[in-house]
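# Inside the fold
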Amino acid sequence: MSYAERVLEYYNNPRNAGTLDKNSQHVGTGLVHVSEYVDVVRFQVEVNPVTHVIRDARFKTFGCGSAIACSSIATEWIKGKTIEEAFRLDHMEIVEALSLPPSKIHSAILTEDAVRAAINDYRTKNGMEPAVEEYDEEPADYYDERD
Amino acid sequence: MLQLPVYLDNNATTPLDPRVLETMLPFFTQHFGNASSRHHAYGWAAEAAVDLAREQVAALIGADPKEIIFTSGATEADNLALKGVFEMYADKGNHIITTEVEHKAVLDTCKHLEKLGASVTYLKVNREGMIDLKELESAITAKTILVAVMYANNEIGSVNPIREISAIAKRHGVLMMSDITQAAGKIPVDVNKDGIDLAAFSAHKLYGTKGIGALYIRRKSPRVKVTAQMDGGGHERGMRSGTLNVPAIAGFGKACELALHEMEEEGKRLGAMRDKLENALLQLEETYVNGSRAHRLPHVSNISFRYVEGEALLMGFGKEVALSSGSACTSASPEPSYVLKALGLGDDLAHSSLRFGLGRFTTEEEIDYTINAVTATVNKLREISPLWEMFKEGVDMNAIEWSHD
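These figures come from a predicted structure and were not determined experimentally.

### With respect to the overall build of chain A
When you go through chain A residue by residue, the secondary structure sums to six helices and three strands. Moving toward the C terminus, one meets the helices and strands of chain A in the order α-β-β-β-α-α-α-α-α. Each of the 147 residues in chain A was classed as buried or not, and the buried ones make up 52%. Restricting to contacts in chain A with at least 6 residues of sequence separation, those with at least 24 account for 62%. Summing over all exposed atoms, chain A offers an accessible surface of approximately 6,600 Å²; the carbon and sulfur share of this is 46%.

### Structural notes on the environment of B:Val174
All names here are of chain B. The residue Val174 is located in the loop between α7 (162-171) and β6 (175-179) in this model. Residues Val174 and Ala142, spaced 32 residues apart in sequence, show a C-alpha to C-alpha distance of 9.3 Å. Residues in contact with Val174, not counting those within four places in the same chain, are Lys92, Ile140, Thr144, Ile145, Leu146, Val147, Ala169 and Asp197.

### Some words on the UniProt feature "modified residue: N6-(pyridoxal phosphate)lysine" (unreviewed entry) in chain B
All names here are of chain B. UniProt's feature table lists "modified residue: N6-(pyridoxal phosphate)lysine" (unreviewed entry) at Lys205, given in the numbering used throughout. Given a relative accessible area of 12%, Lys205 falls into the buried group. Look past the residues within four positions of Lys205 in its chain and what remains in contact with it is Asn11, Ala12, Thr14, Thr181, Gln182 and Lys186. At 2.9 Å, the side chain of Lys205 and the backbone oxygen of Asn11 are in polar contact.

### What about the packing of helix α2 (residues 65-78) of chain A against helix α5 (residues 105-125) of chain A?
Residues and elements named next belong to chain A. Two numbers describe how α2 lies on α5: the axes approach to 9 Å, and their chain directions differ by 40°. Here α2 lies oblique to α5, going by the angle between them. Considering only the axes of α2 and α5, their crossing is right-handed. Contacts between α2 and α5 involve Ser66, Ala67, Cys70, Ser71, Ala74 and Ile78 from the former and Ser107, Ala108, Thr111 and Val115 from the latter. Residue classes in the contact of α2 with α5 are distributed as six nonpolar, four polar and no charged.

### A closer look at the sheet that holds strand β1 (residues 27-34) of chain A
Residues and elements named next belong to chain A. The three strands are arranged β1-β2-β3 in an open sheet whose pairing can be described as antiparallel. Whereas interior strands pair on both sides, the edge strands pair on one side only; in this sheet they are β1 and β3 (54-62). Averaged over all pairs of adjacent strands, the angle between strand axes in this sheet comes to 15°, irrespective of strand direction. Sheet topology places strand β2 (residues 39-47) next to β3; eight bridges connect them, and they run antiparallel. Paired with Arg42 across the bridge in β3 is Lys60. Where α2 meets the sheet, it contacts β2 and β3, and its direction lies at approximately 175° from that of β3. The strands that α5 touches are β1 and β2; relative to β1, the one it contacts most, it runs at about 145°.

### What about the pattern of salt bridges?
Residue and element names in this part refer to chain B. Counted by the stated rule, this structure contains 33 salt bridges over all chains. With a shortest N-O distance of 3.8 Å, Glu264 and Lys268 are connected by a salt bridge. With Glu264 and Lys268 both in helix α8 (residues 246-281) and four residues apart, this pair spans about one turn of that helix. Accessibility expressed as a relative area gives 61% for Glu264, which makes it exposed. For Lys268, a relative accessible area of 56% translates into the label exposed. Each of Asp17, Arg19, Glu262, Glu266 and Arg360 takes part in a single network of salt bridges with overlapping partners.

### A short note on the domain arrangement of chain B
Residue and element names in this part refer to chain B. Once the domains are mapped, chain B shows domain 1 (6-11 + 263-393) and domain 2 (18-258). The gap between the C-alpha centroids of domain 1 and domain 2 is 29 Å. Every contact between the two is made by 26 residues of domain 1 and, on the other side, 32 residues of domain 2. Roughly 2,500 Å² is buried in total at the junction of domain 1 and domain 2, and carbon and sulfur atoms are behind 55% of that figure. There are zero salt bridges connecting domain 1 and domain 2. Applying the counting rule to domain 1 against domain 2 returns 13 residue pairs in polar contact (both at pLDDT 80 or more).

### What to know about the pairing of strand β13 (residues 353-357) of chain B
All names here are of chain B. Within β13, five of the five residues are buried, which leaves it mostly tucked inside the rest of the structure. Here strand β10 (residues 300-305) pairs with β13 via five bridges, running antiparallel. Along β13, the bridge assignment pairs Ser301 with Phe356. Pairing analysis gives two bridges linking strand β12 (residues 324-325) to β13, with the strands arranged antiparallel. By the bridge assignment for β13, Ser324 is matched with Arg355.

### What about helix α4 (residues 74-88) of chain B?
Residues and elements named next belong to chain B. Given a rise of 1.5 Å per residue, 15 residues ought to cover 21 Å, and the 20 Å separating the end C-alpha atoms of α4 matches this to within 8%. With respect to burial, α4 is a largely interior element, twelve of its 15 residues being buried. Residues of α4 that are buried include every one of Ala74, Glu76, Ala77, Asp78, Asn79, Leu80, Ala81, Leu82, Lys83, Gly84, Val85 and Phe86, and no others.

### Overview of the interface of chain A and chain B
On the chain B side, the residues contacting the 35 residues of chain A number 33 residues. The junction of chain A with chain B conceals about 2,700 Å² of combined surface from both sides, 63% of it contributed by carbon and sulfur atoms. For chain A, the biggest contributors to the area lost against chain B are A:Tyr11, A:Leu31 and A:Phe62; these three give 25% of the whole. One can count three salt bridges joining chain A with chain B. In this structure, A:Arg42 and B:Glu389 form a salt bridge, with 2.8 Å as the shortest nitrogen-oxygen distance. At the junction of chain A and chain B, the tally comes to ten residue pairs in polar contact (both at pLDDT 80 or more). The set of elements that each furnish at least two residues to the side of chain A that touches chain B consists of α1 (5-12), β1, β2, β3, α2 and α5 of chain A.

### Focus: the sheet that holds strand β2 (residues 68-71) of chain B
Residues and elements named next belong to chain B. In spatial order, the strands read β2-β8-β7-β6-β5-β3-β4; together these seven strands make up an open sheet with mixed pairing. On the outer flanks of this sheet lie β2 and β4 (119-123), each paired with one strand and no other. Direction aside, the axes of adjacent strands within the sheet are offset by 20° on average. Relative to strand β8 (residues 213-217), strand β7 (residues 198-202) is paired through five bridges, and the arrangement is antiparallel. Among the inter-strand pairings, Ala199 is bridged to a residue of β8, identified as Tyr216. Packing of helix α3 (residues 41-60) onto the sheet brings it into contact with β2, β7 and β8, and relative to β2 it is tilted by some 110°.

Calculation criteria
- Along each chain, residues carry numbers from 1 onward, in the same order as the chain's sequence is written.
- Naming scheme: in the order in which they are written, chains are lettered from A and ligands are numbered from 1.
- Confidence filtering applies because this is a predicted model: local features only for residues at pLDDT of at least 70, side-chain atom pairs given and counted only at 80 or more, and all residues used for totals across whole chains, interfaces and linings.
- For side-chain calculations, the full set of non-hydrogen atoms in the structure is used, while hydrogens and water are omitted.
- In this text, helices come from DSSP runs of H or I with a minimum length of four residues, and strands from runs of E with a minimum of two, each type numbered from the N-terminal end.
- Between buried and exposed lies partly exposed: a residue is buried under 20% and exposed over 50% of the maximum accessible area for its type, with that area taken using a 1.4 Å probe on protein chains only.
- Note on contacts: a residue pair qualifies if any of its non-hydrogen atoms lie within 4.5 Å across the two residues.
- Surface accessibility in these figures is a Shrake-Rupley result with a 1.4 Å probe; residues are shielded only by whichever protein chains are displayed.
- UniProt positions are given in the numbering used here, feature names are shortened, and annotations may be inferred rather than shown by experiment.
- Polar contact is defined as a pair of N or O atoms within 3.5 Å, subject to the rule that within protein one atom must be able to donate a hydrogen and the other to accept it, and that residues adjacent in sequence are counted only when both atoms are side-chain atoms.
- Every axis corresponds to a line fitted to the C-alpha atoms, with the helix fit spanning only the stretch in contact, and the corresponding angles, defined between N-to-C directions, vary from 0 to 180 degrees.
- Comment on the angle field: the value is read as roughly parallel under 35 degrees, roughly antiparallel over 145, roughly perpendicular from 65 to 115, and oblique elsewhere.
- Handedness of a crossing follows from how the near helix is turned relative to the far one, being left-handed for an anticlockwise turn of less than a right angle and right-handed for a clockwise one.
- In the scheme used here, Gly and all other residues not listed as nonpolar or charged are polar, with Ala, Val, Leu, Ile, Met, Phe, Trp, Tyr, Cys and Pro taken as nonpolar and Asp, Glu, Lys and Arg as charged.
- One bridge is not enough; two strands pair if DSSP finds at least two bridges between them.
- Put simply, a salt bridge is a Lys or Arg side-chain nitrogen that is within 4 Å of an Asp or Glu carboxyl oxygen.
- The source of the domain bounds is an automatic or database domain assignment.
- When two parts are put together, the accessible area they lose, computed with a 1.4 Å probe and summed over both, is reported as buried area.
- Given the number of residues in a helix, its expected span is that number minus one, multiplied by 1.5 Å.

Below is the structure:
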C-alpha cells in the first residue's frame, strides 16, 4: 500500500515532535495507547492560564507513519485555540486532511484521545472539572459502512 | 552505480537470473510446441526441454526425475500434497501433524481439510522456532497419515532438524512432507538422506520465474500416492493435469542447475554479508535477532528494533531499501506476524521487526547502504518515540499511568 503525500510529508518532517515540562502547572500531558494496535501517543499542551489559549503543543508517537502524521498535524491545529475549542478536535478532520484509508482511522482516534487527555490533565491540574466528550453524532457502526 | 531501492526481500521473491531468462526465451517463439504433441518436431523439442528440466529439478534435491510433478508453484504443490494424501489415505486415517509456523499454503490447506473431516495437530515452537521432537512423537496416533514440517521458515530462516523429524515419522509408518520452498537451492536438500516423502517448492525463490513449482513424490520405499486435485488431460502421470508451461519449466530446470553448482559458494558469500549487516544493526541498543542464529538460512536475518514500529521504519527508508516487516498495521484488524507471535514475542517486539533477505545479486555496497539507512531511520524514529524516551529515563514501562486504557 502506498501512502498519501501529506502523510509522508508529516512523517518525514514531523512538526512539534518533542517534550514539554510535564511538571509545569501550565502543561497538560496525555499518554494513550491501543494495545491492539500497539500505538502509543503522548500529547502535551502548554496553556496560557489567563486566556486558556494553547500556546504550544508537542507530541511523541510510537506507531506507524500514519499515527506519527496524525499526532503531528494535531499539534499544528490546536495551537492558538482555546482548550474548549481544541477539545472538540474531531478525528475525522484528521482522516480527511491526511486522506487516511479506513484501516488507519484508529490512528486518528488515538490522536483525538491523546489531545483530550492532555487538556483534561491540564484542567485537573488547575482545579477545573475534566471536560466531557460530547455525544458523537456518528452512528456507532460507521466503520462497517466505510470499510 | 547503486540501484535504489536496494532489494532485500529475496524471501518473497527473487529476480530472474539472466542465464535463466536466456534458457527460457527460445521456448516462447521458436520451440513453442505443446510438450504433449507426439507427432511433430515442435512437440518433441518441447518435450525434450521438459525432460531435461525434470532431471535438473530432481538433481537439486537428490530425487529421480520421475518423482517430480510440475505445478504452478509451491502453493499448489502444498495443496496437492496435503489434499492428495488426505484423500488417498482416507482408509488409514485422518490425522495430520504440522506446526504453527508453516506457510499459509500449508496452514490454510489444513484448515480446509479440517472442514472435510481431517483432524490436525499444530505443534508449538520454542523461542528458536523449533518444535519439540518428543511432542511430535507423542502426537502420532494410529490415525496419523502425514507429518508436514517446513524445511526452513520464510520469516526467520530457521532450519528444522528434518532428518530427526522424518526418522520419527518413519518409525511410526507415517508419511513425511516438507515445504522446502525457502531451503531448496539455498542449502543442501536431499530427499533420500533427509527422509522426505513429499516436498513442495517453487522456481521464483531460486532465481527462476513465478508461476512454476514442483511437488516431489517418493516412488520407492514407500511408494507414495496422491489423489489428483486437477482433472483433465492426465499430464504429469495423471497427478496434475494441464498443459505444461514449457518456457517456465525450462527456466526452472536451469535455475536448479545453477543453484546446485553455486549454492555452496553463494551461501558463504551471503552468510558473511548477512552477518556483517546483522552485527552492524545489533550495535543499536535494544535490538534482537528473532529465531535461531545457529540453525538458519545463510541469507536471512529477522531483527526487532524495540520502541520503533516496523511499518514506520519501512516508510522511512522504503524508497532506499525494499524489505518486509513483521508488522501488519494496514488492515482493518491489524495483526503482527503469526510466526513471530508463535516464537513468544510480545506484540511490541513483533510489531517492531524487519526481515532482511539477501540474494544472489546483493552486493557489499548495498549492505553498507542498508546499514546506514536503517540505522538513521531507527534513530530518527526513536527520537520521536515516547517509549524510547521513557526507556532512556529508566521508567518502568509496566508501571506507566495511561490516560486511558
